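One letter stands for each residue in the lines below.
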Amino acid sequence: VLDAAEGDAVLAAERRNPLCGDEISLQLALDGDTVREARFTGQGCSISQASASMLTQAVRGKTRAEAEALVRRFVAMAHGDAEAAADPGMKEMRALQGVARFPARIRCATLAWGALDDALKAER
Amino acid sequence: VTSLLVDPAPPPAAPAGAPPAGALAARAEFPLLAADPALVYLDSAATAQKPRAVLDALRAFYETTNANPHRGAYRLSHAATEAYAAARARVARFCGLADADCLVFVRGTTEAMNLVAASWGRAHVGPGDEVVVTAMDHHASFVTWQQLARERGALFRVAELTADGRVDEDHLASLLSERTRVVAFPHVSNALGTVNPVARLAGLARGRSGGRALVVCDGAQGVPHMPVGFDALAAAGVDLYAFSGHKVGGPMGVGALLGRRAVLEAMPPWQFGGDMISRVGDHETTWNALPHKFEAGTPNVADAVGLAAAVEWLDALGTERVLAHERALVGRALEALGALPGLTLYGPPAELRSGVVSFSVEGVHPHDLATILDERGVCIRAGHHCAQPLMRRLGVPATARASFWAYSTPADVDALADGVRAAQRLFGVGG
């Protein structure tokens, strides 16, 4: 359950991978411009679940703009961007950089990040 | 920071020289397989690798016979027309269809199902009618009929399966009545490999509906793996039967819809354009004869020629032998995988299947399993197999599926089982 405080804006989005049936449902609680809390539910492979889990850790405390930048950074890394992969700010998310060598798995890693992007855009 | 994905392992050493033992068709006949001796291709239910004879036929058509058929008065166009007609006759003969004009070339099974729903369905299904499919239908059939039923205000009903993955015939019978307008079922389940008793199901549908239901059989997983005698099936009650060429070793983008003449004659065209017309007035048009009524626009002649080469090749090999070969491999796979801890195998016993083994590994998502197997050169399908209604009933979002064809070998099965064990070790499951 999302731990939203009184007055938080709650944003949500879902993404599915129609090829493999993976699903991610993401909820964000925003205190003003800052992500207070993020939770996901869903089912899928180890990569999609690990990526979603890291996302919810990474996005906490970020402003919207920072969260959007993180989406771009992560997606770039998943597609093989060496600079993004070397960025210490990417922390444990760098463990997923290997998907770039597995084109069929990039979608698994980026599924939750697509949902984050949708959630951030949906409210505008 | 450690990677969640292991580094690619070197592929297992290829056996030197000779094609692998235990294949029905030599690997050397398939250029893609011959070029990569270490490749273990276990996704033939998705698409088959192509015999050299097919690739040669495609090339020969474009190099010697290419012209637009049914149009030009010149010899080359005539040759293309003849090649197209000969391809139709060859494929019809392979399918046990005596009247080749009752074979409509389409893009594949999916297009055939859409053709039937758009043509017969819109003309004959209305409010209060019922459309029946099975829980093992591929989305190409399931979704097409579901949407037709919604559009026409008809009731859409799904026949359930038995615990071992066969159509529950009692349940199917209970859904059928004189209100039933369409009954669709697959010849073989693409996700489970179950071979359905087509004649019996068709007879049930025809009988229970008082002959009012259109009986449509999705043969995508039937034609490549076993003898199909369409005229005999039609006598038992099948009205229409469809399959995809690329699963038979033919090119992608061609397939066939086979039908009883009376049914096809009564169906309105579904696409309009060149070739399918007889006479075009300012305000009305009459239609060309079968099969052209359903083939608007320049047909896919080259791929039809390629498909004819594929069935020629397969006929020489013998579809009876293909089925027996696949069943032996399924038996080996069920035994090898069944011996591993934490494996769930779906579907009926080997003697009720074609060459499909669907399974899940406790603690290893099918998608992860497929990647780990891929690192070892083993290609399997992981996912819902375009059968989400079936996956829901199995209680899983996805399964892993290995599927066989004439070139598959016992060694391929062993590579699969070894790979599954390796995946279990990597994930620390299975003891």
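For clarity, every value in this text was computed on a predicted model and none was experimentally measured. (Residues numbered from 1 in each chain as written. Chains lettered and ligands numbered in written order. Predicted model: local features only at pLDDT ≥ 70, side-chain atom pairs only at ≥ 80, totals over all residues. Heavy atoms only, no water.)

Before we go on, may I ask you to explain the pattern of salt bridges in this structure?
Side chains that differ in sign of charge can pair as their charged atoms come close. Counted by the stated rule, this structure contains 29 salt bridges over all chains. Residue A:Glu23 is joined to A:Arg16 by a salt bridge in which the shortest nitrogen-to-oxygen separation is 2.4 Å. Among the residues examined, A:Glu23 registers a relative accessible area of 28% and is labelled partly exposed. According to the relative accessible area criterion, A:Arg16 is partly exposed, its value standing at 45%. Between B:Arg421 and B:Asp418 there is a salt bridge; the shortest N-O distance is 2.6 Å. (Salt bridge = Lys/Arg side-chain N within 4 Å of Asp/Glu carboxyl O. Buried < 20%, exposed > 50% of the residue type's maximum accessible area, 1.4 Å probe, protein only.)

Teacher, can you tell me more about the packing of aromatic side chains here?
Geometry of an aromatic ring pair is reported as the spacing of the ring centres plus the angle between the planes. Residue and element names in this part refer to chain B. Overall, the coordinates contain 10 aromatic pairs over all chains when judged by the stated rule. Cluster of aromatic residues (ring-pair linked, three or more members): Phe30, Trp313, Trp405 and Tyr407. The ring of Tyr84 is capped by Arg88, whose NZ or CZ atom sits 4.9 Å from the centre of that ring. (Phe/Tyr/Trp six-rings, centres within 6.5 Å; stacked < 30°, edge-to-face > 60°. Lys NZ or Arg CZ within 6 Å of the ring centre and 35° of its normal.)

Just to check I follow, could you spell out helix α2 (residues 52-65) of chain B for this structure?
Residue pairs three or four apart in sequence face the same way in an α-helix, which turns once every 3.6 residues. Residue and element names in this part refer to chain B. In a regular helix each residue adds 1.5 Å, so 14 residues correspond to 20 Å; α2 covers 19 Å between its end C-alpha atoms and thus fits that length. Looking only at α2, the buried set comprises Val54, Ala57, Leu58, Phe61 and Thr65. When α2 is viewed along its axis, its buried side chains cluster within an angular range of 100 degrees and face the same direction. Exposed and oriented more than 90 degrees from the buried face of α2 are Arg59, Glu63 and Thr64. Tucked into the core, α2 has its buried residues touching α3 (75-94) and α10 (301-317). (Helix = DSSP H or I, 4+ residues; strand = E, 2+ residues; numbered from the N terminus. Expected span 1.5 Å × (residues − 1). Arc of directions from axis to C-beta. Contact = heavy atoms within 4.5 Å.)

How should the sheet that holds strand β15 (residues 399-403) of chain B be read in this particular structure?
Backbone hydrogen bonds are what pair the strands of a sheet, in a parallel or an antiparallel way. Residues and elements named next belong to chain B. One open sheet accounts for four strands, arranged β11-β12-β15-β14; its pairing is antiparallel. Each edge of the sheet is formed by a strand with only one pairing partner; in this case those strands are β11 (343-346) and β14 (381-383). Each strand of the sheet is rotated relative to its neighbour by a mean of 30 degrees, with strand direction disregarded. Across four bridges, β11 lies against strand β12 (residues 356-361) in antiparallel orientation. Within the sheet, the bridge partner assigned to Leu345 lies in β12 and is Phe359. On the sheet, helix α14 (residues 410-427) packs against β11, β12 and β15 and is oriented at approximately 10 degrees with respect to β12. (Pairing = 2+ DSSP bridges. Axes fitted to C-alpha atoms, helices over the stretch in contact; angles between N-to-C directions.)

Hey, could you run me through the confidence of the model for chain A in this one?
Low-pLDDT portions of the prediction should not be read for the details of their coordinates. Chain-level statistics for chain A give a pLDDT mean of 92 and a share of 98% at 70 or above. Ranking the elements of chain A by mean pLDDT puts strand β1 (residues 9-17) of chain A last, at 91, and helix α2 (residues 64-78) of chain A first, at 97. (pLDDT = per-residue confidence, 0-100.)

Please clarify how the sheet that holds strand β3 (residues 34-43) of chain A should be interpreted in this entry.
Residues and elements named next belong to chain A. Across the sheet, three strands lie side by side as β1-β2-β3; this open sheet has antiparallel pairing. On the outer flanks of this sheet lie β1 and β3, each paired with one strand and no other. Direction aside, the axes of adjacent strands within the sheet are offset by 15 degrees on average. Note: strand β2 (residues 22-31) against β3, nine bridges, orientation antiparallel. Within β3, the residue paired with Leu26 across the bridge is Phe40. Relative to the sheet, helix α1 (residues 46-59) contacts β2 and β3, its axis offset from that of β3 by approximately 165 degrees.

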